[in-house]
Amino acid sequence: MIEIDGVTKIFGTGSTAFRALDEVSVTIRENEFFTLLGPSGCGKTTLLRLIAGFEYPTEGRITLDGGDLLDNPPHRRPVNTVFQSYALFPHMTVAENIGFGLEMLGKPRQEVRRTVDEMLELVRMTEMAGRRTSQISGGQQQRVALARALAPRPKVLLLDEPLSALDFKLRKDMQLELKRLQSETGITFVFVTHDQAEALTMSDRIAVMNEGSIRQIGGPRDIYDHPAERFVADFIGDTNFLEAELLDVSDGRARIRLPSGTETEARTAEGGAASGHVTLAVRPEHAQLSPPDEALLPGRLAEVVYFGTDTHFHVDLDAGGRFVVRQQNQPDAAQPRQAGDPVGITFAAGVGQVLRD
Ligand code: ATP
């Protein structure tokens, strides 16, 4: 639906020129919840502002349903934005805020009223319609901002860290709420966040960005279970990195030799090496502790850290380096291991991921 093709954005000129986006290409599909995820300064907001029309690319094209988007000024694009600061009118009621944009578009009064009622119901604010927005909570203001942005029925809703001003509990509730709004309205959402948990919870697909480029695009499970490179593996969740020897690859399956000398199977990222020295990523919860003589990696327990829901076992490997195993806690389970115990680490064939350099 939205085709971003070879988009580069350079701010400033000469010695102060800064390349905020570097040849970014991505297709965002109709009806999807698409998230741009990355650390501060990686270019997420810049990409969103280019789609909205608040910035113009230095190079590249952006089309929507095949038509060139860049020819149109922001107000002519079938796109609306929800900002981090809700930017509501404090002297107007909730209903007036939601209807304001529609009135500006010259919609007939009856249609405005009907749409406002629908939107109030959609964001569950019908009872608050007559309140001024200065008299409602932050979470309620966020709902009004969403309703106002959805009211003109844009094809695409752009959301720039819209939940970051909310406290933890409200944020969790609003994540589910946003997902519901997206699937009920069928509008394409492009959501910007630096919060990996938020991205994994809500998105159909995620583009992980770093330093002005997209490093990997995929569903939450793809990105989490099969990170293609070290930056993605490190930015999303916790990961163990092992230096290993890649022996051969067939059908995306790699045969590798671990630092302990043991051989096992792993997955490889597209475009990765076919042999030689590689880095293997293994998630802490995908590995288990085992007796040292049955293990892929023998070692000695260095630390046991209890987290309530799970326990982290830090193991110093005999071959060097540290590996963390995360185990879910069961009620009343005995804690069988202590720091200093010899232990081993195992993981199933195929759960490790060979990273691209
Ligand atoms: P954050 O999560 O902190 O908002 P971001 O990933 O959204 O970060 P952008 O706002 O897209 O990052 O900024 C990308 C880079 O471009 C940053 O280094 C920023 O300083 C720079 N930048 C953004 N806008 C301008 C501008 N108008 N002039 C110069 N540099 C800019």
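Basis of the calculations
- Residues numbered from 1 in each chain as written.
- Predicted model: local features only at pLDDT ≥ 70, side-chain atom pairs only at ≥ 80, totals over all residues.
- Heavy atoms only, no water.
- Helix = DSSP H or I, 4+ residues; strand = E, 2+ residues; numbered from the N terminus.
- Contact = heavy atoms within 4.5 Å.
- Areas by Shrake-Rupley, 256 points an atom, 1.4 Å probe, with all protein chains shown as cover.
- Lys, Arg positive; Asp, Glu negative; His and termini not counted.
- Charge placed at Lys NZ, Arg CZ, Asp CG, Glu CD.
- 1 Å grid on protein atoms, 1.4 Å probe; cavity = no way out; pocket = protein on both sides within 12 Å on 5 of 7 lines; lining within 4 Å.
- Points joined across faces, edges and corners; volume = space filled by probe spheres on them.
- Nonpolar A, V, L, I, M, F, W, Y, C, P; charged D, E, K, R; others polar.
- Buried < 20%, exposed > 50% of the residue type's maximum accessible area, 1.4 Å probe, protein only.
- Pairing = 2+ DSSP bridges.
- Near = heavy atom within 4 Å.
- Polar contact = N/O pair within 3.5 Å; in protein donor to acceptor, adjacent residues only side chain to side chain.
- Core = buried A, V, L, I, M, F, W, Y, C linked by side-chain atoms within 4.5 Å.
- Domains from an automatic or database assignment.
- Salt bridge = Lys/Arg side-chain N within 4 Å of Asp/Glu carboxyl O.

Chemist: Looking at this structure, how should I read the overall build of the protein chain?
Modeler: Check the secondary structure of the protein chain and you find eight helices and 20 strands. Seen along its three principal axes, the alpha-carbon backbone of the protein chain occupies a region of about 75 × 55 × 40 Å. The long-range share in the protein chain, meaning contacts at least 24 apart out of those at least 6 apart in sequence, stands at 66%. Only carbon and sulfur atoms are counted for the fraction: they give 46% of the accessible area of the protein chain, which is about 17,400 Å². For the protein chain, the centre of its 38 positive side-chain charges and the centre of its 50 negative side-chain charges are spaced 7 Å apart.

Chemist: Help me understand empty space enclosed by the protein, please; the structure alone is not making it clear to me.
Modeler: The method is simple in principle: a probe with the dimensions of a water molecule rolls over the atoms, and the space it marks as empty is what remains. According to the stated counting rule, one finds one cavity of 30 Å³ or more in the structure shown. For the largest cavity, the calculated volume is near 40 Å³. In this structure, the largest cavity is lined by Tyr224, Asp225, Pro227, Thr239, Ala281, Val282, Arg283, His286, Val351 and Gln353. Elements with a minimum of two residues in the lining of the largest cavity: helix H7 (220-225) and strand S14 (276-282). When grouped by side-chain class, the residues that make up the lining of the largest cavity number five nonpolar, three polar and two charged.

Chemist: Just checking my understanding: could you explain the environment of histidine 91 for this structure?
Modeler: Here histidine 91 lies in the loop between strand S6 (79-82) and helix H2 (94-104). Taking the relative accessible area as the measure of exposure, histidine 91 reaches 52% and is therefore exposed. For the pair histidine 91 and arginine 131, spaced 40 residues apart in sequence, the C-alpha to C-alpha distance is 9.8 Å.

Chemist: In this structure, what is going on with the pairing of strand S12 (residues 253-257)? I would like to understand it.
Modeler: Regular strands place their side chains on alternate faces of the sheet. On S12, burial follows the alternation: Ala254 and Ile256 on one face are buried, whereas Arg253, Arg255 and Arg257 on the facing-out side are not. With five bridges connecting them, strand S11 (residues 240-250) and S12 associate as antiparallel partners. By the bridge assignment, valine 249 is partnered in S12 with alanine 254. Between the end of S11 and the start of S12, which pair antiparallel, lie two residues, with aspartate 251 showing a positive phi angle near 55°. The loop that links S12 with its antiparallel partner strand S13 (residues 263-268) comprises five residues; one of these, glycine 261, has a positive phi angle of about 100°.

Chemist: It is not clear to me how the sheet that holds S12 should be interpreted in this structure. Could you clarify?
Modeler: Sheets are built from strands paired through backbone hydrogen bonds, the pairs being either parallel or antiparallel. Judged by pairing direction, the barrel is mixed, and its five strands sit side by side in the order S11-S12-S13-S20-S14 before closing back on the first. By the bridge criterion, five bridges tie S12 to S13 in an arrangement that is antiparallel. When the bridges of S13 are listed, arginine 257 appears paired with glutamate 263.

Chemist: Sorry if this is basic, but what is going on with the site of the ligand here?
Modeler: Taken together, Phe11, Phe18, Ala20, Pro39, Ser40, Gly41, Cys42, Gly43, Lys44, Thr45, Thr46 and Glu161 form the complete shell of residues around the ligand. Glycine 41 is positioned such that a nitrogen or oxygen atom in its backbone is 2.7 Å from an oxygen atom of the ligand. Within the contact set of the ligand, an oxygen atom lies 2.5 Å away from a side-chain nitrogen or oxygen of threonine 46. Contact with the protein chains removes 59% of the 640 Å² of surface that the ligand exposes when unbound. Secondary-structure elements contributing two or more residues to the shell around the ligand are strand S2 (18-28) and helix H1 (44-52). Looking at the shell around the ligand, the element that brings in the most residues is H1, giving three residues. For the shell around the ligand, the per-class residue count stands at five nonpolar, five polar and two charged.

Chemist: Just to check I follow, could you spell out the nonpolar core for this structure?
Modeler: For soluble globular proteins, nonpolar side chains are generally found buried alongside one another. Membership of the largest hydrophobic core comes to 35 residues, with the highest contact counts inside it found for Ile98, Leu157, Leu178 and Phe189. Taken together, the elements giving at least two residues each to this core come down to H2, helix H3 (109-122), helix H4 (138-150), strand S7 (156-160), helix H5 (168-185) and strand S8 (188-193). When residues of this core are assigned to their parent elements, the largest contribution, six residues, is made by H4. Once residues lying within four places of it in the same chain are set aside, the contact partners of isoleucine 98 are Val116, Met119, Leu120, Val144, Ala147, Arg148 and Ala151. Within the second largest apolar cluster, 28 residues are counted, among which are Ile28, Leu50, Ile62 and Leu70.

Chemist: Sorry if this is basic, but what is going on with the domain arrangement of the protein chain here?
Modeler: Interface extent is often summarised as the accessible area lost during association of the parts. Along its sequence, the protein chain is carved into domain 1 (2-225) and domain 2 (238-355). Centre-to-centre, using C-alpha coordinates, domain 1 lies 39 Å away from domain 2.

Chemist: Sorry, what's going on with the pattern of salt bridges here?
Modeler: Close approach of charged atoms allows side chains of opposite charge to pair. Tallying each qualifying case throughout the model produces 24 salt bridges. Of the charged contacts in the structure, one is a salt bridge between arginine 153 and glutamate 118, with a shortest N-O distance of 2.5 Å. In this pair, arginine 153 is assigned in the loop between H4 and S7 and glutamate 118 in helix H3, connecting sequence segments 35 residues apart. Overall, the relative accessible area of 37% leaves glutamate 118 in the partly exposed class. In this structure, aspartate 195 and arginine 171 form a salt bridge, with 3.4 Å as the shortest nitrogen-oxygen distance. Of this pair, aspartate 195 sits in the loop between S8 and helix H6 (196-202) while arginine 171 sits in helix H5, and the two are 24 residues apart along the sequence.

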